[in-house]
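So the chains spell out like this:
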Amino acid sequence: MHMVLSFLVFYITQTIAKAVPSNLAAFLNKIKADGACNDPFPGSFYDKEGGSKSFRYCKGDGYIYLKGPSDKLANMDIDCDGAKNPLCPVRAGSDTQLWTSFRDSVRSYGISDLDASIHNYVVLGNADDDHTPGYTTFRPQDYGVQPLSLMAVVCNSQLFYGIWGDENGSDGPPLVGEASISLARLCFGDSMTNDNGHGPADVLYIAFTGQNAVPGGDGAAWKAKSSKEFQNHEAFNDLGDSLVKQIHV
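Treat the numbers as computed from the prediction; the structure is a model and nothing was measured. (Residues numbered from 1 in each chain as written. Predicted model: local features only at pLDDT ≥ 70, side-chain atom pairs only at ≥ 80, totals over all residues. Heavy atoms only, no water.)

Regarding the environment of Val-106
Mapped onto the fold, Val-106 is located in helix α3 (residues 103–106). On the basis of relative accessible area, Val-106 is assigned to the buried category, the value being 0%. For the pair Val-106 and Leu-148, spaced 42 residues apart in sequence, the C-alpha separation works out to 7.8 Å. Apart from the residues within four sequence positions on either side, Val-106 is in contact with Ile-111, Ser-112, Asp-113, Leu-114, Leu-148 and Trp-222. (Helix = DSSP H or I, 4+ residues; strand = E, 2+ residues; numbered from the N terminus. Buried < 20%, exposed > 50% of the residue type's maximum accessible area, 1.4 Å probe, protein only. Contact = heavy atoms within 4.5 Å.)

Put into structure tokens, the structure is as follows:
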């Protein structure tokens, strides 16, 4: 029994990260070599406050991805919005919100909201609800990306699947490159906190267009108790694998 349990723990640990398939690796190398996306959507964005406004949303064949200048991709800031959890203490002066953009939709899956310590989600889109002067907006829905759809993230030379779970608000400069603390820890380990993200712009985010990219109620472990359980859901991975196969150079 002890040997069986040890094997199961080893197996679960080893299956969290996925190797980057050859077609995705070729795509990644090409867009880094190109220096900039060849078909950018309107608007430019920051990957950090005080940085350069030179990051773009880029058009692919059935997907959208983030790209910076030269060989840069995007960084990974930490998002702690959504349900309260021990990894994301709410502090005075913090911009952490007690909800995510699509909480009304995710309730149909039997949970009150996404939990940043469990649900591996990406922050995508720049919503200027207050019409802030000089703020650049981008609505992924306008280009076919559906809320709560599956996203592919290449970080630390590994492939993970997440969902589009939140948007950037207009309480600061229009930023890109942000993910839930659960996804950040899968990528870069427990040093990731709500005060400490991953600074280098070497993370690839890909959002897929169309309704077929939405896992739905049975296609993801919405009621998971850990990020590993959410990440290892079989149907979720099957969908991710099928979408990633469509990416080509």
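More follows now that the structure is in view.
Structural notes on the nonpolar core
The nonpolar side chains of a soluble globular protein tend to be buried with one another. Counting 74 residues, the largest nonpolar core has Leu-204, Ile-206, Phe-208 and Trp-222 as the members making the most contacts within it. For this core, the element with the most residues is strand β8 (residues 198–208), which contributes seven residues. In this structure, Phe-208 is in contact with Gly-62, Tyr-63, Val-145, Ser-149, Leu-150, Met-151, Ala-152, Ala-213, Leu-243, Val-244 and Ile-247, ignoring residues within four places of it in sequence. (Core = buried A, V, L, I, M, F, W, Y, C linked by side-chain atoms within 4.5 Å.)

A closer look at the pattern of salt bridges
Side-chain pairs of opposite charge can arise whenever the charged atoms involved come near each other. Scanning the entire structure with this criterion turns up five salt bridges. We note a salt bridge from Arg-139 to Asp-142, for which the minimum N-O separation is 3.4 Å. (Salt bridge = Lys/Arg side-chain N within 4 Å of Asp/Glu carboxyl O.)

Considering helix α6 (residues 234–244)
Buried within α6 are the following residues: Phe-236, Asn-237, Leu-239, Gly-240, Leu-243 and Val-244. Across the axial projection of α6, the buried residues extend over an arc of 160°, all falling on one side. Among the structural elements, α2 (22–34), β5 (150–155), β6 (158–168), β8 and α5 (227–231) are those in contact with the buried residues of α6. (Arc of directions from axis to C-beta.)

Some words on unusual backbone geometry
Phi at Ser-70 takes a positive value of approximately 55°, unusual for a residue other than glycine. Relative to the helices and strands, Ser-70 is located in the loop between β2 (63–67) and β3 (74–79). Even without being a glycine, Asn-156 presents a positive backbone phi close to 55°. Here Asn-156 shows up in the loop between β5 and β6. Looking at Asn-156, the relative accessible area reads 46%, which means it is partly exposed.

A closer look at the pairing of strand β4 (residues 121–126)
Across the six residues of β4, six count as buried, placing the element largely inside the fold. Pairing geometry for β4 and β6, over four bridges, is parallel. Note on β6: the bridge partner recorded for Asn-126 is Asn-168. As defined by bridge partners, β4 adjoins strand β7 (residues 178–180) across two bridges and the pair is classed as antiparallel. Considered in β7, the bridge of Val-122 is made with Ala-179. (Pairing = 2+ DSSP bridges.)

Scope: geometric values only; no functional claims are made or implied.
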